[in-house]
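Architecture at a glance
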Amino acid sequence: MDAENQVRLRAYCAILDVRESSTEPNPALALQILARMYLVPTIEDHGERNRALNEIRGNLRGEFGAWSPFATETARVAAMMQELPNWFNHLNETTEALVERYKSLSTAIRILQYLGVGATGSAIAAGLAEGSKQNSVRAGVERGARRAAGQGPLLEEVQRRARIRMTPARAGIVGAAIIIGGTLAYHNALEQQEQIREIIMHRFQEGEVTDAQFRDVFGDRIDPANLKKYWEL
């Protein structure tokens with residue numbers, strides 16, 4: 001694994017309190033799993049969190065034994081995540097905490113995109129197509145994630161297409177394993193970011209957010225000075 005991914009792995013191990021030494025013999029796969037687990041608390045429903053965690057940790061089979069250090073440590077983290085639906089209770093957080101959470105989610109989302117969330121892309125795309133008929137992107141994502149987690153011909157097709165699509169370098173990150181799970185968490189994280197943006201916008205309008213904090217969330221897309229002028233009209 002290259003130095004950049006090693007830094008990412010070390011960061012996730014520190015955040016989730018998992019020993020880096022436990023990620024042997026396959027630290028690249030461990031990074032894939034931890035990166036997805038990190039976003040699971042964004043899923044509000046207990047049952048969905050449990051399903052996502054089971055799907056993500058299901059990739060351990062064949063690489064990490066059931067009683068290996070990494071399996072047992074991620075099982076502890078999973079148990080904690082299942083019972084913590086209020087990790088992302090944004091309305092009661094300070095503006096400073098919200099901005100830091102937003103930046104943390106942004107980093108996690110970028111890393112997951114780099115690692116290849118699209119490994120289950122064909123099933124997700126099919127789910128989104130059906131979801132669009134109901135005017136519900138979330139419904140489509142959920143349907144696609146459930147399809148990707150299924151067994152039989154669908155899973156085989158996902159695996160086949162993923163192997164064709166992935167470059168040798170990218171395929172080396174996960175080896176023979178196909179990472180199922182985490183897609184629903186990824187899209188929930190995007191939704192959580194949208195909620196934070198709405199809260200920050202409201203607080204900025206009320207004079208409770210500095211220009212610097214506003215830029216940390218909205219970047220250069222919106223000039224806070226021009227926004228203030230618009231509200232003063």
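Let me begin by describing the structure that accompanies this report. (Residues numbered from 1 in each chain as written. Predicted model: local features only at pLDDT ≥ 70, side-chain atom pairs only at ≥ 80, totals over all residues. Heavy atoms only, no water.)

**Overview of the overall build of the protein**
Counting its regular elements, the protein contains 12 helices and zero strands. Across the protein, helices and strands are ordered from the amino to the carboxyl terminus as α-α-α-α-α-α-α-α-α-α-α-α. Here the protein holds 233 residues, and 46% of them are scored as buried. A separation of at least 24 residues holds for 68% of the contacts in the protein among residues at least 6 apart in sequence. Accessible area for the protein stands at about 11,900 Å²; split by element, carbon and sulfur atoms hold 53% of it. (Helix = DSSP H or I, 4+ residues; strand = E, 2+ residues; numbered from the N terminus. Buried < 20%, exposed > 50% of the residue type's maximum accessible area, 1.4 Å probe, protein only. Contact = heavy atoms within 4.5 Å. Areas by Shrake-Rupley, 256 points an atom, 1.4 Å probe, with all protein chains shown as cover.)

**Looking at the pattern of salt bridges**
Evaluation of the coordinates by the stated rule reveals six salt bridges. For Glu 55, the salt bridge identified is with Arg 51, shortest N-O distance 2.9 Å. One end of the pair is Glu 55 and the other is Arg 51, both in helix α3 (residues 46-57) and four residues apart, which spans about a single turn. What makes Glu 55 buried here is its relative accessible area of 16%. Lys 103 is the partner of Glu 100 in a salt bridge, and the nearest nitrogen-oxygen pair spans 3.4 Å. Of the two residues, Glu 100 and Lys 103 both sit in helix α5 (residues 95-115), three residues apart, roughly one turn of that helix. Classification of Lys 103 as partly exposed rests on a relative accessible area of 32%. (Salt bridge = Lys/Arg side-chain N within 4 Å of Asp/Glu carboxyl O.)

**Observations regarding the nonpolar core**
Taken as a class, soluble globular proteins show a tendency for nonpolar side chains to be buried jointly. Judged by nonpolar contacts, the single largest core of 49 residues is most densely connected at Tyr 12, Leu 34, Met 37, Leu 39, Phe 70 and Ile 200. Looking at this core, the elements with two or more residues in it are α1 (3-16), α2 (27-37), α3, α4 (69-82), α5, α10 (183-205) and α11 (211-218). Looking at this core element by element, the count peaks at nine residues for α5. (Core = buried A, V, L, I, M, F, W, Y, C linked by side-chain atoms within 4.5 Å.)

**Some points on the packing of aromatic side chains**
One pass over the full model with this rule turns up four aromatic pairs. Seen from their ring centres, Tyr 12 and Tyr 38 are 5.6 Å apart, and the 65° between their planes marks the pair as edge-to-face. One end of the pair, Tyr 12, is in helix α1; the other, Tyr 38, is in the loop between α2 and α3, with 26 residues separating them in the sequence. Assigned by exposure class, Tyr 12 and Tyr 38 land together as buried. With a centroid separation of 4.5 Å and an interplanar angle of 20°, the aromatic rings of Phe 214 and Phe 218 are classed as stacked. With Phe 214 and Phe 218 both in helix α11 and four residues apart, this pair spans about one turn of that helix. Through a chain of ring-to-ring contacts, the aromatic side chains of Phe 204, Phe 214 and Phe 218 assemble into a single cluster. Arg 8 extends its terminal NZ or CZ atom over the ring of Tyr 114, reaching a point 4.6 Å from the ring centre. (Phe/Tyr/Trp six-rings, centres within 6.5 Å; stacked < 30°, edge-to-face > 60°. Lys NZ or Arg CZ within 6 Å of the ring centre and 35° of its normal.)

**So, α11**
Those residues of α11 not exposed but buried are Gln 213, Phe 214, Val 217 and Phe 218. Down the axis of α11, the buried side of the element spans an arc of 115°, and every buried residue falls inside it. Looking at the residues trailing α11, positive phi occurs at Gly 219, about 60°. (Arc of directions from axis to C-beta.)

Everything listed here is a matter of coordinates, which is why it stays silent on function.
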